[in-house]
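# Structural overview for review
What follows is the residue order along each chain.
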Amino acid sequence: MLFNSIDFVVFLPVVLVLFYLLPHKLRWIFMLAASYYFYMCWKASYIILIIASTLIDYLAALQIEKSKAKSRKRLYLALSLFSNLGLLFVFKYYNFAIDSLNYLFEHLDVAKQIPLHQLLLPVGISFYTFQTLSYTIDVYYGRQKAEKHLGYFALYVSYFPQLVAGPIERFSRLNAQLRAKVQLNYENIANGLRLILFGFFIKMVVADNLSEFVEQVYAQPQAYSGLDVALGMVLYSFQIYGDFHGYSSIAIGTAMLFGVNLMNNFNTPYLSVNIKEFWSRWHISLSTWFRDYLYIPLGGNKVKIARWIINILIVFTVSGLWHGANWTFVIWGGLYGLVYIVEHFVNKAFHLAPCRNELSPKRLLLAIKNFVVVTLIWVFFRSQNLEEAHGMFSGLLNQHSEASLQLPTSVWVWFLLFIGSEFLLFNKRFDTWIATKMPWLRWAVYALLLFAILAFAGVQEYPFIYFQF
Amino acid sequence: MWFKFIYRTIVLGIVLLLANLAYSHWFWQADMEKHSDIYPKIKALPADIDILYLGESSNITFSWQDLDKRAISDFVGDHFPNLGTYNITQAGAHARIYYEILTAIPDSVEIKDVVVTMNYRSFSSDWIYSELEQALLKKTVLLRTTPPLYNRFLLSFKGFGGYNELERKLRIHADWLIPFKNENLPYKNIYEWDRAIDENGILDSDGGRSDALTILAAANVKNFAFDLNEDNVRVKDFDRIVALAREKGWHLYFSIMPENLENAEKLVGNDLVEMMVNNKNWLVTRYRNMGVGVVDNFDAVAHELFIDKDFPTEHYTETGRKKVAQNVAGLVKSDFPDQFVQIADPATGKRTYFFHDCERQEVWGQMQTISTEKAFEGSKSSKFGGGQAFSLSLDYPFQQIPDSFKTEMDIAFELFAEQPPTDLSLVVELSGEKIDFSWNGFKVSDLKTIEPGQWNPIDFNFKIPAKALQADVVKVYLYAPGQQILFLDNLAIQFK
């Protein structure tokens, strides 16, 4: 089920009302059933994968905790890692790996071609496998007690507000809230609705309307002038941001209606001054996951400089691969790693002081520089293949054009409003920011957002971009 | 808390009301034109319509071998040359879409007769729960009579009323398990029938299993095997159309489209055809009892006149489309007895009457002369002279005219000239490999005195010379080599 569908508009209030009508002890069963239904609306049979992942990690964690011997603990951890990553490999990376092998065979004049599979990539598989992985790893390192209640654990894995595209939550944080006895609370409902409203606006009004023009440019960059190609790249930066930030806001807002506080996933990332800061503001739940479960176990920055460089490159490349099984994603991630390292050494060499965490002309200038870098790197993320990315970059040099990008006034208005809101929301979340405003201003903003969603939302079928990861 | 809730609900209600007003006033029109390709068709309807034909792809699909590639609705219009016949065609449409279209037609449009295509296949689960449904409903959601802002919300939140993939599969699955009413059938339900076809296979002319034919046979079963009753979704949609027509005072006709019964019998057997005919009869009886004129074309088109041979469709060649049109016109004529024209020889089905009012889509010669500058009726006429010597012209294979209608031609048209034309001829041209070129020009000023500045009706009878009977092509047009600008409208030619 998509958030931006009438199904969800009906599903959410029904589930919400029933949730608060039910006694606390039955709520987990109800939420689990609702979460499974939510997922099954997309492809019913793939619920088996979630159930399998749940059962394996549930049992593995119990065995890890029960085992005295380190080797046995390791064995059960390996089972969890193998099954989760195995699932990911089969559905997400198998074709990519085989395709690359076949390409190699072709160039080595080996006649053999290995067939690809036709399986549909399960929505959200990268999210829920990472979520359950973090749980078993935490149990292994003794940071987390194994959950005895299969129902609550299953709900942690499949909790519908964040099931298909995060935020990727840690067990300790989410489980405690899922178990808590929640009372109907006005603030929770109001803040939840505010976030949902804002999320729908930036997803459906900003991102979906921009996507039409991004598609035009990416489809034939050679037809547009260099300026239009650059504009197309900029629009994509905001499309993907609006799309994913919008999804995350709806997810966080939805969970809040049920009294659950999910972690923030975005914090005005395009106002970052460098790549390091960008990744602390963009897809925060994923970057902290990689920090805790890959970067630090690799040694983090407590290693020699050469090893640190390798660690950074590994983390960013794996992060790229997590996003998609394609060389474009590998390059996308790798480029972030490279820029991260270069910026680190430049700052060190020139003794550049870190920018303060406040809006200032200096931050603005550096943010523009950083935005240009990020926008150029996004080209690899958006492109289907390296040729397409090359077409976009060479398109930047186009002198003449056969077509031009014609954004309607309304699209410009919503787009610029979104950019403006970034400055207002620097280091703040929409719900907390708006709550401090005068009632007339609050309601004016609500009315504007509501009107924009009802009258100007994009009408093409644009599922959330991150659903494919 | 409850006060807060009520207070906010009221404010929200006011916001929504104002938003709806603003949207309807400033943005609705543009959205309709952008997101509903049906809307421009409705908007283009004139204020006065005699016959409105609603159809799907069966109306407009043609074979490249067709001489006349026009739609069924155009052929219906040929029978009523002096009436305003219009169509709204939407590929894949069915009763629900027709209902949405009909409700969206403004009350200011006066309609006498409405002909709605009734496609037997559209009653099947396979079509009702088709994945194309979402796209179709999406085109109609803005047309609904509910508040425009609400419709726009449904559009962007995909609230068209269709089903998601899971629901579609479950519903089809449930329907295919329903036991057939006829207990004597060898198969209890669609699944069993389908399985039997798959297991036994359909043999080709060489006696070997043909996968293509087996798939086609299975498709016949899935699309045609069901028992109709009033609970069927499409039946309910047609019922709603009947109620709407009563409310609006339209004469309503349902045209049951031909199915390829020959193929169904050959591939699957008489059991299937019998079931189809029973269902069709049930529809005919039901809607005739409701006062609807039902045109029964079910078996009107033979196998060879179906265009698609690899899937059951309602796409017919020119002859098939004309046959359907003839049946429709035959029933509709009871509303317009004086306007009906027999355009074809009943014995051969070949056309004998030709008419062009410059409004219709039928392609004649010199269509580039169609102009909106003047019109006898409607909004267009053929503008010629002043360098464009030839008017709109009939250009037709003479051998397609039945031999018994090659004696004479009645030619009639309307002519407009600012000054009496001096150098204007009516030309009948007959040419072919087997005959000497026959060019027959008649000075229009000899036929009638032309009153300048007004439309002049002109009639002429032309005796076809015996030596020209072997002609391949007949052309009829006006010829004005001078600089004077002239207008021609309502050119009619009757072969006798």
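Keep in mind that this is a model prediction, so the values were computed, not measured.

### Overview of the overall build of chain B
- Of the regular secondary structure elements, chain B holds 16 helices and 17 strands.
- Here chain B holds 496 residues, and the buried ones make up 53% of them.
- Of the contacts made within chain B by residues no fewer than 6 positions apart, 76% connect residues no fewer than 24 positions apart.
- Element-wise, carbon and sulfur atoms account for 53% of the exposed surface of chain B, whose accessible area totals about 22600 Å².
- Charged side chains of chain B number 51 positive and 69 negative; the gap between the two group centres comes to 5 Å.

### Some remarks on the overall build of chain A
- Looking only at helices and strands, chain A features 18 helices and 0 strands.
- Across its three principal axes, chain A shows a C-alpha extent of roughly 70 × 65 × 50 Å.
- Contacts in chain A between residues at least 24 apart in sequence constitute 76% of all its contacts with a sequence separation of at least 6.
- Accessible area of chain A: about 20400 Å², with a carbon and sulfur share of 68%.
- Looking at chain A, you have 36 positive and 25 negative side-chain charges, and the mean spots of the two groups are 16 Å apart.

### Structural notes on the pattern of salt bridges
- Considering all chains together, one arrives at 44 salt bridges over all chains under this definition.
- Here Asp 243 of chain A ties to Lys 203 of chain A by a salt bridge, and the two come within 2.9 Å at their closest N and O atoms. Here the residue Asp 243 of chain A occupies a position in helix H9 (residues 226-257), and Lys 203 of chain A occupies one in helix H8 (residues 186-219), the gap between them amounting to 40 residues. Note on accessibility: Asp 243 of chain A and Lys 203 of chain A belong to one class, buried.
- Between Arg 351 of chain B and Asp 68 of chain B there is a salt bridge, with its nearest N and O atoms 3.5 Å apart. Of this pair, Arg 351 of chain B sits in the loop between helix H15 (318-332) and strand E8 (353-356) while Asp 68 of chain B sits in the loop between helix H3 (57-60) and helix H4 (72-79); the two residues are 283 residues apart in sequence, bridging distant segments of the chain.
- On the basis of relative accessibility, which here comes to 4%, the residue Arg 351 of chain B falls in the buried class.
- Salt bridges linked by common partners bring Asp 68, Arg 70, Asp 78 and Arg 351 of chain B together as one network.

### Description of the environment of Phe 413 of chain B
All names here are of chain B.
- Looking at the secondary structure, you find Phe 413 in strand E12 (residues 408-417).
- The class for Phe 413 is buried, based on a relative accessible area of 3%.
- Sequence separation between Phe 413 and Asp 459 is 46 residues; the distance between their C-alpha atoms is 6.8 Å.
- With residues up to four places along the chain from it excluded, the contact list for Phe 413 reads Leu 426, Asn 456, Pro 457, Ile 458, Leu 478, Leu 488, Asp 489, Asn 490 and Leu 491.

### Overview of the pairing of strand E13 (residues 425-431) of chain B
Residue and element names in this part refer to chain B.
- Most of E13 is tucked away: 6 of the 7 residues are buried.
- Two elements, E13 and strand E14 (residues 438-443), share 6 bridges in a ladder whose sense is antiparallel. Bridging from a neighbouring strand, Leu 430 pairs with Ser 438 of E14.
- Joining the antiparallel neighbours E13 and E14 is a turn of 6 residues.
- By the bridge criterion, 7 bridges tie E13 to strand E16 (residues 473-479) in an arrangement that is antiparallel. Following the sheet pairing, Ser 431 is matched in E16 by Val 473.

### Quick notes on the confidence of the model for chain B
All names here are of chain B.
- Residues at a pLDDT of 70 or more form 100% of chain B, whose mean pLDDT is 91.
- Within chain B, strand E6 (residues 251-256) carries the highest mean pLDDT (97), whereas helix H7 (residues 133-140) carries the lowest (83).
- Model confidence for the complex is summarised by a pTM of 0.75, with the ipTM given as 0.81.

### Some thoughts on H8 of chain A
- With 34 residues, H8 of chain A should reach 50 Å at 1.5 Å per residue; the first-to-last C-alpha distance of 47 Å fits that figure.
- By the largest-angle criterion, Ala 207 of chain A marks the main kink of H8 of chain A, which is about 30°.

### A short note on the interface of chain B and chain A
- Each partner contributes residues to the interface: chain B has 28 residues there, and chain A has 29 residues.
- Taken together, both faces of the contact between chain B and chain A bury some 2500 Å²; the carbon and sulfur share is 67%.
- Three residues, Phe 157, Lys 158 and Leu 166 of chain B, lead the burial of chain B against chain A; their summed loss comes to 26% of the area buried on that side.
- Taken together, the links from chain B to chain A amount to 0 salt bridges.
- Where the side of chain B that touches chain A is concerned, the elements lending two or more residues are helix H1 (2-35), helix H8 (148-156) and helix H9 (165-177) of chain B.

### Here we look at unusual backbone geometry
- Of note in this structure, Asn 427 of chain A is not a glycine but carries a positive phi near 60°.
- Mapped onto the secondary structure, Asn 427 of chain A falls in the loop between helix H16 (409-424) and helix H17 (430-435).
- A residue is classified by how much of its surface remains accessible, and Asn 427 of chain A, at 32% relative accessible area, is partly exposed.
- For Lys 158 of chain B, which is not a glycine, the phi torsion comes out positive at approximately 55°.
- Its place among the elements puts Lys 158 of chain B in the loop between H8 and H9.

### Focus: the packing of aromatic side chains
- If you walk through the whole model with that rule in mind, you get 101 aromatic pairs over all chains.
- With a centroid separation of 4.7 Å and an interplanar angle of 45°, the aromatic rings of Phe 3 of chain A and Phe 8 of chain A are classed as tilted. As far as the burial class goes, Phe 3 of chain A and Phe 8 of chain A line up, both buried.
- It is Lys 333 of chain B that lies over the ring of Phe 340 of chain B; its NZ or CZ is 4.6 Å from the centre.

### Section: the sheet that holds E16 of chain B
All names here are of chain B.
- Across the sheet, which stays open at both edges, the 4 strands sit in the order E11-E16-E13-E14 with antiparallel pairing between neighbours. Of all the strands in the sheet, the pair left with one neighbour each is strand E11 (394-397) and E14. Pairwise comparison of adjacent strand axes, ignoring direction, gives a mean angle of 10° for this sheet.

### Here we look at the packing of helix H12 (residues 233-248) of chain B against helix H14 (residues 270-289) of chain B
Residues and elements named next belong to chain B.
- Here H12 crosses H14 at 25°, and the two axes come no closer than 12 Å. Looking at the two axes, H12 sits roughly parallel to H14. Helix-helix and strand crossings are classified by hand; for H12 and H14 the assignment is right-handed. Residues Val 235, Phe 238, Asp 239 and Val 242 of H12 form the contact with H14, whose own contacting residues are Trp 282, Leu 283, Arg 286 and Tyr 287.
- Of the residues that constitute the contact of H12 with H14, the class distribution is 6 nonpolar, no polar and 2 charged.

### A few points about the environment of Ile 178 of chain B
Residue and element names in this part refer to chain B.
- Residue placement: Ile 178 occurs in the loop between H9 and helix H10 (190-200).
- Assessed through its relative accessible area of 46%, Ile 178 is described here as partly exposed.
- Considered as a pair, Ile 178 and Ile 190 are 12 residues apart in the sequence and their alpha carbons are 7.9 Å apart.
- Excluding residues that lie within four positions of it along the chain, Ile 178 makes contacts with Lys 188 and Asn 189.

Reading guide: rules and limits
Residues numbered from 1 in each chain as written. Chains lettered and ligands numbered in written order. Predicted model: local features only at pLDDT ≥ 70, side-chain atom pairs only at ≥ 80, totals over all residues. Heavy atoms only, no water. Helix = DSSP H or I, 4+ residues; strand = E, 2+ residues; numbered from the N terminus. Buried < 20%, exposed > 50% of the residue type's maximum accessible area, 1.4 Å probe, protein only. Contact = heavy atoms within 4.5 Å. Areas by Shrake-Rupley, 256 points an atom, 1.4 Å probe, with all protein chains shown as cover. Lys, Arg positive; Asp, Glu negative; His and termini not counted. Charge placed at Lys NZ, Arg CZ, Asp CG, Glu CD. Salt bridge = Lys/Arg side-chain N within 4 Å of Asp/Glu carboxyl O. Pairing = 2+ DSSP bridges. pLDDT = per-residue confidence, 0-100. Expected span 1.5 Å × (residues − 1). Bend = angle between axes of the 7 residues up to and from the residue. Buried area = accessible area lost by both parts, 1.4 Å probe. Phe/Tyr/Trp six-rings, centres within 6.5 Å; stacked < 30°, edge-to-face > 60°. Lys NZ or Arg CZ within 6 Å of the ring centre and 35° of its normal. Axes fitted to C-alpha atoms, helices over the stretch in contact; angles between N-to-C directions. Parallel < 35°, antiparallel > 145°, perpendicular 65-115°, else oblique. Left-handed = near helix turned anticlockwise from the far one by under 90°. Nonpolar A, V, L, I, M, F, W, Y, C, P; charged D, E, K, R; others polar.

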